[in-house]
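# Residue-level structural notes
Residue strings, one per chain:
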Amino acid sequence: MITARAAATFEPVGRSVASARGFVRDTLQGWGLADIVDDAVVLTSELVTNAVVHAGTAAEVLCLRDEEGVRVEVVDRYPERELPLQEPGIQPGSPDREGGRGLLLCAALATRWGVDYTAADKRVWFRLDLPERPVGTRAAGPALPDTALPVADTRVHVGVVQVDRSGAISAWNEDATELFDYPAEQVLGKPLTDLAAWPHTPGTGTGIAEALRLSRWEGSYGVRASDGRTIPVYASHLRVRDGDGEPSTVCLLVREHERAVLQSPPRGPAMDGGQRQPDAHESSATDPFEVFIGSPAPDDLDGLLQRTVERARDMLDGDAAYLLLATDDETELEVRASTGLPSARQRFARVPVEAGSGRYGNARMPSVHEDLTVVPGAVPLLAGTGMRSVVTVPLKVEGRLTGSLGVATESPGRYSNEEALRLQFAADRIALAVERARLTELERLRRGSLSFLVEASDLLAGTLDRDQTLALMAQMTVPTLATWCAVYTVADQGSEPKLSYVLHEDEDRIDNLKALLSKVDPPDPVPTPGARVWTAPTDAARSAALRTSLRSVVMHAEDHRAAPGTTLATASAVGGETVVLPLVARNRVIGMLTLGKPTDERFRQEILELAEDLSRRAALALDNARLYSERTAISQSLQRSLLPPETPEVAGGVEVEVIYRAAGEGNEVGGDFYDLFEISDGTYGFAIGDVCGTGPEAAAVTGLARHALRLLAREGLGGPAVLERLNTAILDEGARSRFLTLLYGELRPQQEDGSSELKVVCAGHPLPLRLRQDGSVEPAAEPQPLLGVMDDLELYEQTVTLDPGDVLLCVTDGITERREGTRMLGDDGLADVLSTCTGLTAGAVAARIMRAVERFANDAPSDDMAILAMRVPE
């Protein structure tokens, strides 16, 4: 039965929201319904905002009172704009955004709510029932005899189970293990639905999956224990979200007969039938913080700040409110929450604490501006928002500035010192709670930053490849720290920065972003530490978008229809704050790390500090990769210079095949070498050798040996004379000398019977093997002393005749000493493999030998390997 009625109509202008709040507040207070005024004002504010701001029509507000509570209806003239009713399985919108919170608040605060449509209007209503217990009493019950108390076990176990967004168990405490006999490691990651025995009520479709998505749920179901029994439990579910916005559900579980531990008390009268009024002491003990914020207070910092600005706005009947938190050095304030303002554009914006002279330019003192148009720029945060009157007060803890709270309205002259005192009183009540929540968030961020930096350091230290290091730098920042990233590199002091890598969280925008940045002059390579703002990409993107849009409008050409969308999308992608951090290593700027946000977004100070730490580590890793790449390039170039550029064709159709595999990362110079060259018409020299060790000293001996062999052989010296003179040259190197094993020979193909004659000297090298057509294998030379050890060498050469179809195989010790544990391939193993190569070409013989060597052991080769195979045609 309706006992009172009040109605008012408001025009579709911004100030109507504040007027509607005042109308509802005055109406309900006049009816004596102070208990529900705050919730009613908050809900009215959101619904009228939807009507006059988003729907753009006049709004009628109707308040109806009955014996049990009040019903408030907001009617607009735009029925075509349907409200997005929440469907099961669809994630609700973020409660931090400016639009779309009305329905979420209705679901959270109202007793009941709904939407009615007609052909001419849309009516959104909510109902708030009056509390059925005395003001100041949360929950109370009469004193009972011991025999009437609920029965519980000797020790009550309260299982705490946390379920993530996907329904999987993410936390499981010891009491849950005691109740259901599952250790935590056995259930973590499994869906809760696998354990729950959910009672389905006929005619309803609500299951456990739907219940876990509700903001709060309480009731009974069963949990299957490890032995298969179903244990009846009483549960209380609470939906929460962490600082990153990830939702999860906390489930408190007790045995069914212990439900009194968790069960919410009924809202009816006390069991003795009486209603006890709170005494004076209880009234004075009411927490002022809860009076302002409401109970329960949000657990996370963002939720607390958002609730604070909404309550501050409603308390002073403002059109907007904002809250800023001080940085660690208290020189700047960072926007952390706002309502009634373009929050996406303003979030994390930074303003100086000392913005001007006098109390009005100092955030440490309360201030009131009756008309901002008189003092343009007095409050930079409100520039261009249409706000005229504003009151700001500081948040202080133990005399230290921790933040600033402001409320603004579109009407001039609305606020005076009286409103400033009211707002300061509220700010004093919440300052300590905000600071505690801020410190908790800061500690969480620092722990996360430390883990992030440790992981980043491990990844950067795990590679010495320059391109991979650039990719890792970008992938670690996007999307963790920024929406997009560009890495510029500086090759030498004084050279122009080069755009080396671009990454965007949306892969489809990378090419357009890269094209845009390539047309913008790169940032100056300044070694000054810290992040500096760079506006060039944003300015260029907006100019390009404007030019393309105008050209499309003027020309109306078919080929220009898609261009504005692409250009505007690119402008949106880079339209936010862009910062540049120098990459400094070994006192030199080697590049710049550029981080960007999309339109209207800014960086948090903590993120910039983390990015600065990352840039220092990334710069050192990039410089190490550069040095390693330069060393590797030099090493590989020198290695190539120690090997013949090409293998000449041998007269008479003699087949020659060479395989060379350098061991070790970067192919360090030195080690094995080979050569095949023409001495004179019809005579060819060949050599295969192994210098002791690696590095520059070994490379020097390798180069000396290869070039000396060619020079001495072409002077007409025989094999022994060539090697004896080479031995003397090696010993002349003194301390840099290394001993050398060398197989040198001269080949004369096309004998009268089709055979080829070889003269061979084997100085300490693995013996060459001869494969006959019948499959027999035998050494083709005898061992002689190696080079670089003794002054006087007496070497001799041996003559070997290769018949048609015969193969001569020469290898280095990397082949014969290939190991797998205690096993070694050895000379005998090599001979066994060669015996299977009858009838194969020289190339096929060399390939089969290499495959056998590679398969002999699983580990990568630890020594260089060279194979020289020659076959006389049949």
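Residues numbered from 1 in each chain as written. Predicted model: local features only at pLDDT ≥ 70, side-chain atom pairs only at ≥ 80, totals over all residues. Heavy atoms only, no water.

The next thing to look at is the overall build of the protein. Along the backbone of the protein there are 21 helices and 34 strands. With 874 residues in all, the protein has 47% of them scored as buried. Residue pairs at least 24 apart in sequence account for 63% of intrachain contacts in the protein once pairs closer than 6 positions are excluded. If you sum the accessible surface of the protein, you get close to 42,500 Å²; carbon and sulfur atoms cover 50% of it. (Helix = DSSP H or I, 4+ residues; strand = E, 2+ residues; numbered from the N terminus. Buried < 20%, exposed > 50% of the residue type's maximum accessible area, 1.4 Å probe, protein only. Contact = heavy atoms within 4.5 Å. Areas by Shrake-Rupley, 256 points an atom, 1.4 Å probe, with all protein chains shown as cover.)

With 8 of 9 residues buried, strand S26 (residues 740–748) is to be regarded as a mostly interior element. Relative to S26, strand S25 (residues 683–694) is paired through 8 bridges, and the arrangement is antiparallel. Within S26, the residue paired with Tyr-684 across the bridge is Leu-747. (Pairing = 2+ DSSP bridges.)

Here we take up the sheet that holds strand S8 (residues 196–197). With respect to topology, 6 strands assemble into an open sheet ordered S7-S6-S11-S10-S9-S8, the strand pairing being antiparallel. Edge positions in the open sheet fall to strand S7 (169–172) and S8, since each of these has one partner strand only. Here strand S6 (residues 159–163) pairs with S7 via 3 bridges, running antiparallel. In the sheet register, Val-161 faces S7, and the bridge partner there is Trp-172.

Mean pLDDT over the protein stands at 80; residues scoring 70 or higher make up 84%. Across residues 201–205, where pLDDT falls below 50, the model places 1 contact with residues more than four positions away in sequence or in other chains. Below a pLDDT of 50 lies the segment residues 356–360, which in the model reaches 7 contacts outside its immediate sequence neighbourhood of four places, other chains included. (pLDDT = per-residue confidence, 0-100.)

Judged by side-chain polarity, Phe-739, Val-789 and Met-790 come together as a nonpolar surface patch covering roughly 260 Å² of accessible area. By the secondary structure assignment, Met-790 is in the loop between strand S29 (777–779) and strand S30 (798–802). When its relative accessible area of 37% is taken as the criterion, Met-790 is described as partly exposed. (Patch = residues over 30% accessible without salt bridge, like charges linked within 9 Å, V, L, I, M, F, W, Y side chains within 5 Å. Salt bridge = Lys/Arg side-chain N within 4 Å of Asp/Glu carboxyl O.)

Moving on, we come to the packing of aromatic side chains. Per the counting criterion, the structure on display carries 5 aromatic pairs. Centroid distance Trp-172 to Phe-180: 6.0 Å. Interplanar angle 55 degrees. Geometry classified as tilted. As far as burial versus exposure is concerned, Trp-172 and Phe-180 are alike and both buried. Here Tyr-660 and Tyr-674 contribute two aromatic rings whose centre-to-centre distance is 6.1 Å and whose plane-to-plane angle is 45 degrees, an arrangement assigned as tilted. One end of the pair, Tyr-660, is in strand S23 (residues 655–661); the other, Tyr-674, is in strand S24 (residues 670–680), with 14 residues separating them in the sequence. Neither Tyr-660 nor Tyr-674 differs from the other in exposure class; each is buried. By the ring-pair criterion, three or more aromatic residues cluster together here, those being Trp-172, Phe-180 and Tyr-182. The ring of Phe-425 carries the charged tip of Arg-429 above its face, separated from the ring centre by 4.5 Å. The aromatic ring of Phe-856 is capped on one face by Arg-823, whose charged end is 4.4 Å from the ring centroid. (Phe/Tyr/Trp six-rings, centres within 6.5 Å; stacked < 30°, edge-to-face > 60°. Lys NZ or Arg CZ within 6 Å of the ring centre and 35° of its normal.)

Attention now moves to the sheet that holds strand S17 (residues 400–409). Ordered in space as S14-S13-S12-S17-S16-S15, the 6 strands form an open sheet in which the pairing is antiparallel. In this open sheet, the two strands that pair with only one neighbour each are strand S14 (350–352) and strand S15 (367–369). For this sheet, the mean angle separating the axes of adjacent strands, direction not counted, is 25 degrees. In this fold helix H9 (residues 301–315) packs onto strand S12 (320–326), strand S13 (332–339) and S17, with an angle of close to 70 degrees to the strand it touches most, S13. The strands that helix H11 (residues 417–461) touches are S12, S13, S15, strand S16 (389–397) and S17; relative to S16, the one it contacts most, it runs at about 45 degrees. (Axes fitted to C-alpha atoms, helices over the stretch in contact; angles between N-to-C directions.)

The topology assignment puts Leu-305 in helix H9. Sequence separation between Leu-305 and Ala-337 is 32 residues; the distance between their C-alpha atoms is 5.9 Å. The residues contacting Leu-305, other than those within four sequence positions of it, are Leu-323, Leu-325, Arg-336, Ala-337 and Val-434.

Contact geometry for H11 and helix H12 (residues 466–477): axes closest at 10 Å, N-to-C directions at 165 degrees. Classed by the angle they form, the pair H11 and H12 counts as roughly antiparallel. As H11 runs across H12, the sense of the crossing is right-handed. Along the contact surface, H11 presents Phe-452, Ala-456, Leu-459 and Leu-460, while H12 presents Thr-469, Leu-472, Met-473 and Met-476. Taken together, the residues of the contact of H11 with H12 sort by class into 7 nonpolar, 1 polar and no charged. (Parallel < 35°, antiparallel > 145°, perpendicular 65-115°, else oblique. Left-handed = near helix turned anticlockwise from the far one by under 90°. Nonpolar A, V, L, I, M, F, W, Y, C, P; charged D, E, K, R; others polar.)

Next up on the list: unusual backbone geometry. Each neighbour pair has its own omega, and for Val-478 with Pro-479 the value is 0 degrees, a cis peptide bond. Looking at the secondary structure, you find Pro-479 in the loop between H12 and strand S18 (484–489). Its identity as a non-glycine residue notwithstanding, Asp-317 has a phi of 50 degrees, on the positive side. The residue Asp-317 is located in the loop between H9 and S12 in this model. Residue Arg-586 is not a glycine yet carries a positive backbone phi of 55 degrees. Of note, Arg-586 is situated in the loop between strand S21 (578–585) and strand S22 (588–596).

Turning next to the pattern of salt bridges. Here the structure, examined in full by the defined rule, presents 36 salt bridges. Residue Arg-123 is joined to Glu-73 by a salt bridge in which the shortest nitrogen-to-oxygen separation is 2.6 Å. One end of the pair, Arg-123, is in strand S5 (residues 122–129); the other, Glu-73, is in strand S3 (residues 69–76), with 50 residues separating them in the sequence. Under the relative-accessibility criterion, Arg-123 is labelled partly exposed at 26%. Accessibility expressed as a relative area gives 7% for Glu-73, which makes it buried. Residues joined by salt bridges that share partners form a network here, namely Arg-770, Arg-772, Glu-778, Asp-803 and Asp-806.

Turning our eyes to something else, we now look at the side chain of Asp-806. Structurally, the position occupied by Asp-806 is in the loop between S30 and strand S31 (807–811). Excluding residues within four positions of it along the chain, Asp-806 makes contact with Arg-770, Leu-771, Arg-772, Gln-773, Met-870, Arg-871 and Val-872.

With 14 residues, helix H18 (residues 719–732) should reach 20 Å at 1.5 Å per residue; the first-to-last C-alpha distance of 20 Å fits that figure. The positive-phi residue at the C-terminal boundary of H18 is Gly-734, with phi of around 70 degrees. (Expected span 1.5 Å × (residues − 1).)

So, about the side chain of Thr-469. On the secondary structure map, Thr-469 appears in helix H12. Judged by its relative accessible area of 0%, Thr-469 falls in the buried class. Beyond its immediate chain neighbours, meaning those up to four positions away, Thr-469 contacts Leu-460, Thr-463, Ala-621, Leu-622 and Ala-625.

In this section: the nonpolar core. One finds Phe-686, Leu-723, Leu-726, Leu-740, Leu-742, Leu-758 and Leu-787 to be the most contacted residues of the largest nonpolar core, which totals 50 residues. Looking at which element gives the most residues to this core, the answer is helix H17 (residues 696–714), with 7 residues. (Core = buried A, V, L, I, M, F, W, Y, C linked by side-chain atoms within 4.5 Å.)

What follows covers helix H13 (residues 510–518). When H13 is considered as a whole, its buried residues turn out to be Ile-510, Leu-513, Leu-516 and Leu-517. Projected down its long axis, H13 shows its buried positions confined to an angular sector of 125 degrees, all on one face. Exposed side of H13, more than 90 degrees from the buried face: Asp-511 and Ser-518 are the residues found there. (Arc of directions from axis to C-beta.)

Two elements, S6 and strand S11 (residues 247–255), share 5 bridges in a ladder whose sense is antiparallel. From the neighbouring strand, Gln-162 faces S11, where its bridge partner is Val-250. Pairing between strand S10 (residues 230–241) and S11: 9 bridges, direction antiparallel. Across the sheet, Ala-235 pairs through a bridge with Leu-253, a residue of S11. Between the end of S10 and the start of S11, which pair antiparallel, lie 5 residues, with Gly-245 showing a positive phi angle near 85 degrees.

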